[in-house]
Every structure is written in C-alpha cells, then in structure tokens.
Amino acid sequence: MTSRALLALLVVAVPAASALLLAVAPRRVVRPLGLALSLPVGGLALALSALALAEPGSPQAHAWWAVDAAGGLLLGVVGLVGLGSVLVSPAFLDGVRGSLFSGPRGERGYFAVLYAFWALLLAVPLAGNLGQAWLLVEATTAASALLVGFSGKPRALEAGWKYLILTSLGLGVALLGIVLLAAGVPGGGLSGLSWHELGRFSAGGDRAVVGYVLLLAGLAAKVGWAPVHNWLPDAHSEAPPPVSALLSAALLPAVLLVAWRSEQALTPVVGKPTAGGLLVAFGLASLAVSVPFLWRSLAWKRLLAYSSLEHMGVIALGIGFATPLALAGVAVHVAGHALAKALGFYAATPLLDHDPRASRRAPAGVARQQRALGATLGISLGALAALPPSPLFVSEVLIVAGGFQAGRPWAAAATALLLALGFLGLAHALLETTVGEPRRRPTATVRLRSLAPVSVAATLLLAALSAAALWLPGSGIVAALVRGLA
Amino acid sequence: MSGAYAWLLVACGLGVVVVRRRTVAVALVTAQALALAALAARDAAGSNDLVAAGALALRALVLATVLFVVVARTREARPVRAGAAPLVRGAIAVALALALTWLVPHIGLDSRDAERAVLALVAFGIATVATRRATLFQVLGIVLVENGLGLAALRLPGGASLAIELGVALDLVLVALVAVVFHERIFAEFGTGDAALLRALRD
C-alpha cells in the first residue's frame, strides 16, 4: 500500500471511527474528546492535501479511490473548515436550549453527527468513480439534514425538511443520469463508472448528452445552483453556525468537484461546447439570481447564504470556461471562499450574543460597539465582496479573463457585469454592518473565545492566498487541474 | 421483464399519487419494492445478484416497518388535504411521465417496457412530492423515485455493481430514517404532518 493510499484510508477512517466513539462516549468527556479528535482528523486531511498539491503531476486513480490536485485542494479545504467548525462548536453549544436530539443526548448527538458528516465530506474528493461519489453525496444529505434541524425549532425543522426532500429528489434525478451513462459504457458496472472509463461511453452522443444533463441538473440541486437553489438560504441561515460553515465552504464545493470530474470525463463524448456550456449556464443563472438578494438588507447568515449562491456560480463559470487561467481562478476561489465564508459563519455566534435580533434582520454598526467582532465581520464580508487585496478579487479577474481566453466573450462580459453588481450590494452591506448607525445601545464587550485565534489564522491565510494567487497561473497545479483524472 | 410486470409496478406508483390514506400508500410502495426484489431473485445469475435481491427485500421490509410504525404514532385528526384533487394529481403525474418518456431517448436497458416503467416511476415520485402536502407522502415520493432507479439497475445489460446497489439501498434507508425523525418533530410541533405549514422562511 502506497503512502497516499494509506493516508487516504486514514483520512476517512479516523473521522468515521471518531463519530462512532463520540456516539457512545460518556457525556462528560464528549466535548473534550470531540475537540481533541479534530486535530488528528484535520492534520491527516491537510497532510494528504499537501502531498497531492506538492506532486500535482502524478495523480493516482483506482477503482475505489483517487488522489489528484483537484481532490487535494478540496481535502485541504474540507480539513481546514472541519477543524475550525469543531473548534468553535463549544461557543455555539453553550447557548443551545433544546435540540432535535432529546434530553442530554444533544451534545453527544451533535458531535457524533458532525464527525460523520466531516468523514463523508473528506471521502467525496477521494471517490474513485461516479457511483461511489453519488453514494457519498447522498449520505451527506442524511447527516447534514440532522445538523440543519439541530435546534428543533420550527424554522430549523422547515429548513431541514426542505433541504432533505429537495436534495434527495435532485440526487434521484442525478442517479437516473448515472444509470443512463452506465448503460452506455462498455463493461458497465462499477468499473464503467470510474472517471477514466466514463469517457469511453459509446452508445451515442444524444444519450450521453441526456445522461450528462440529468446528472448535472441533479447535482445542481445539491450544489445550490439556480434555479434549484431554494433550500440553500434556508438551510444555511437556520443551521448552527459551525454547520453552516461546513455546508457552504466544504459541502457545496465538494459536490461541485463531482460535477467537475464528470464534466472532464464526459467532454470527449458530449463535446466541449455542451459540457462547458451547461456549467456556464448554471453559473450565470446563479449569479443573476443572487445579485438582487445581495442588494437587499438581509440577516447576516442569510446574506452569507446568497453569497454562497453567487460564489458557486463563479466557480461553475470557471470550470465551464476550463482554460488554464479560469482553472487557476477556480483553485483560488474555492480556497478563498472557504476561508472567508467559514469566518463569516463562525462570527455569527458572537454576533447573535451581541444582537440576538441579527438572526432576523441585518446587523448595523457592529464595529462601533464591538471592535474585534466588527473587524472579523468586515474581513469576512470584504473578502467575499472581492475587495482588493482579497484573493477572490484575483480569482474573479482570472475567471473572467479565462472566459475571454475560452472564446466565450459574451459569457465573460456578463460575468464581469454581474460580479460588479454583486460587489456593490456586498460593499453596501459591509459598510452598514461595520460602520453603519447601530440599532441598539452599547452593550458589554462580547467574548470572541475560540473565534479570536481562528479569525487571526483565517486572515493570515487569506493574505497568503492573495500572494499565492499571483504565482498560481502557469504552475504545475494548474496544469494538473486542466488535465484532470482522465 | 414482461409488459404486465412493468405495468404492475407503474400501477403501484400511480396509486401512491392518488390514494388518500397513508397506510395504503405505504403498502403500495412496499409491494412495489418486494416485486422488484422478486424480479431480481428470479433473474439472479450468481450469488452477487442474490445478495442484491436480498438487500432490496430487506430494504422494503425495514422501510415498511418504520413507516407503518410512524403512521401509527402520528395519527392525524383528519387527513392532510393534498394540493390538488386525486384526478388532477393523477393527470399531472401521467403527463410528466409521458413528457419524460418523450424527452429521454432510449436509456439502454434490456427492454423498452422497463425503460418506460423507470421513467414513469421517477415522474410519479416527483409528482407525489410536488402535489402532496403530507410530509409522509413526500418521503414516499422519494422512495418511489428510488424504486424506479432500482428497477433500472436490475435491467442494466450486464447488471449494476453489487456494492453500488447495496450502497443505494443503505442510503435510502438512512434518508428515510432522518425524514421520519423530522416528520415526528414536525408533527409534535404543529400537531399535524402538513408541509404547507412550513412557510416561515421567505425572502
């Protein structure tokens, strides 16, 4: 067994075993155990990510697992966001009154399901074939729905129910597409669904196109692309903040990776204009739908949710353009969005301590009353708005340039226009949230607890990413992203 | 697979769209899943196929047990009204099935009857979720879609992978169990399993 194979096994097995351990652990040790286990889980994911990104030119793909540059990037993101979510969970749990899990099982159930969700998220980028990837994505629905509805309050139940039903139905449609594709690959079965073999589909272009459209339309419901994004703002706004971070920064891009791998594998069969065009269409639709909401005065987590819709659209556009410039932008965007969005959601817990009404209406003037908290919200929103020197500014420039490079000038121009409109909306929200007129009297300083070191680390990582983004185009990582696993 | 068998599966699916009582709908979905398991056992070419057939049967029985228990635990004072009358629901479901059959080309299964049955069951599942307000019916809509896809896996030339079939069965049971947890909490919170009451989240 190679070092990558062993690490890939451990990356999934350790969090899965941790989930089981936490499910049966005595109540008094659940929290310290949950915090302690996050270090090896996060460390293993980051180690495999570093290994995959250090040697991007030598991807490994087998029937059951695959490690390449794109998978390595996602592993790093999921590992880091998962680690952060576990570390900030105690601050959230201290304020919990009642949950979906009855009585004293609340905290144990939370940590056990959180680790199960984390394990599944780490397994998705490692999936060696489309069938396995679908199974893992479907399993994330069961785990994450429980977390979305964790508070057990009516709004959380509504959000969890919508999420469960809509994404399950969407994934059913995706499975129909997979069946259609499996029937056309020589040999069929599991081996026919491997990322390599999908490109050997030989049952006619029309059938391949229908299978591809069904697959992507189904996955779109889980990624949260418009027009099948209805669950996204509800689930992100009603889930516990550490879970919202995992949903937005880790789950959505992990499912997007499945769509990306499928697009790369099936491009030789369905043709580049169709394969990329569908992603460009989803991307533009998501941007266009998100912009009017980014202009509205929304509660903090709901604003972040619509920003997720915008950013998943941007990433879809980059993948659809599929040029080296665009894919360099995708790599930076996935990492930068994850850091900024996770920070924003983590900050929601102290924000709600400061102003409980921020769960229903837009916060205002936070930096005037709570400097550290206001600074954290500002860094998150500034980065998400792509305000220079945010890495998302560089990535969006790269993706738009990639659109022109791909020979899609109209799509690239529309992207630039929609991004500019989105920026205006988020910039207004940034000013209102930080230095606007406060709607409440000054209160005692809110303790940031574990958010303080997480906030400093995220800010430093965002700065480092901005610097790395300038070096990335032309690197071996981008060449590996263009090549994919096929 | 004979045409009559395909029509039997489709009729069970259409029944779920139009019937009023939850117990009847659960019975129809269970009968459909057991018919699929019987088909898998009849056509089994080896031990792997028999294991897959056994998993389908086990999945059907586990889901039936859970759903019947839930129906008994969450008795509605009066049936939750659907968004549309039975005839309208049936017409919507059949129209959607015909549209899917028209839009989707030859899938590549071993008979055209099986292909039409698969597409019809997927359409009926979507129609059930879209037109029924009772939360339990919405879960049954997802099970209908998965039954249709189970039929597709059985009729794939060369068969599907055993691991994938077992995984799909396990995933469906997991999703259904989580849905049942939500259904019970919604019932406890609102006194009814009516999804129409879940309308607080709007922009």
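That block above? That's the structure.
Residues numbered from 1 in each chain as written. Chains lettered and ligands numbered in written order. Predicted model: local features only at pLDDT ≥ 70, side-chain atom pairs only at ≥ 80, totals over all residues. Heavy atoms only, no water.

Trainee: Which residues make up the layout of surface pockets, and what values do they have?
Mentor: Size it by volume and the largest pocket reaches roughly 1000 Å³. If you go around the largest pocket, you meet 39 residues; those closest to its centre are Lys162(A), Ile165(A), Leu166(A), Asn230(A) and Val129(B). Elements supplying a minimum of two residues to the lining of the largest pocket: helix H6 (154-184), helix H8 (205-223), helix H9 (231-238) and helix H12 (300-321) of chain A together with helix H5 (112-131) of chain B. Considering every element that reaches the lining of the largest pocket, the biggest residue donor is H6(A), with nine residues. Here the residues of the lining of the largest pocket sort into 23 nonpolar, seven polar and nine charged. Size it by volume and the second largest pocket reaches roughly 870 Å³. Along its surface, the second largest pocket is lined by 33 residues, and Val12(A), Ala16(A), Leu120(A), Leu136(A) and Ala139(A) are the ones closest to its centre. Taken together, the residues of the lining of the second largest pocket break down into 30 nonpolar, two polar and one charged. (1 Å grid on protein atoms, 1.4 Å probe; cavity = no way out; pocket = protein on both sides within 12 Å on 5 of 7 lines; lining within 4 Å. Points joined across faces, edges and corners; volume = space filled by probe spheres on them. Helix = DSSP H or I, 4+ residues; strand = E, 2+ residues; numbered from the N terminus. Nonpolar A, V, L, I, M, F, W, Y, C, P; charged D, E, K, R; others polar.)

Trainee: How would you summarise the environment of Val124(A) if you had to cite specific residues and measurements?
Mentor: Residues and elements named next belong to chain A. Mapped onto the elements of the fold, Val124 is located in the loop between helix H4 (105-123) and helix H5 (130-148). Take Val124: its relative accessible area is 4%, and that puts it in the buried class. Leave out the neighbours within four places in its chain, and Val124 touches Leu136, Val137, Ala254 and Val258. (Buried < 20%, exposed > 50% of the residue type's maximum accessible area, 1.4 Å probe, protein only. Contact = heavy atoms within 4.5 Å.)

Trainee: Tell me about the interface of chain B and chain A, and please be specific about residues and values.
Mentor: If you look at the interface, chain B gives 46 residues, while chain A gives 49 residues. In total, about 4000 Å² of surface goes out of reach between chain B and chain A, with carbon and sulfur atoms giving 76% of it. For chain B, the biggest contributors to the area lost against chain A are Phe182(B), Leu201(B) and Asp203(B); these three give 21% of the whole. Counting across the interface, chain B meets chain A through zero salt bridges. Where the side of chain B that touches chain A is concerned, the elements lending two or more residues are H5, helix H6 (135-154) and helix H7 (162-190) of chain B. Per element, the largest residue contribution to the side of chain B that touches chain A is 16 residues, and it comes from H7(B). Within the side of chain B that touches chain A, the residues separate by chemical class into 31 nonpolar, eight polar and seven charged. (Buried area = accessible area lost by both parts, 1.4 Å probe. Salt bridge = Lys/Arg side-chain N within 4 Å of Asp/Glu carboxyl O.)

These figures come from the coordinates and say nothing about function on their own.
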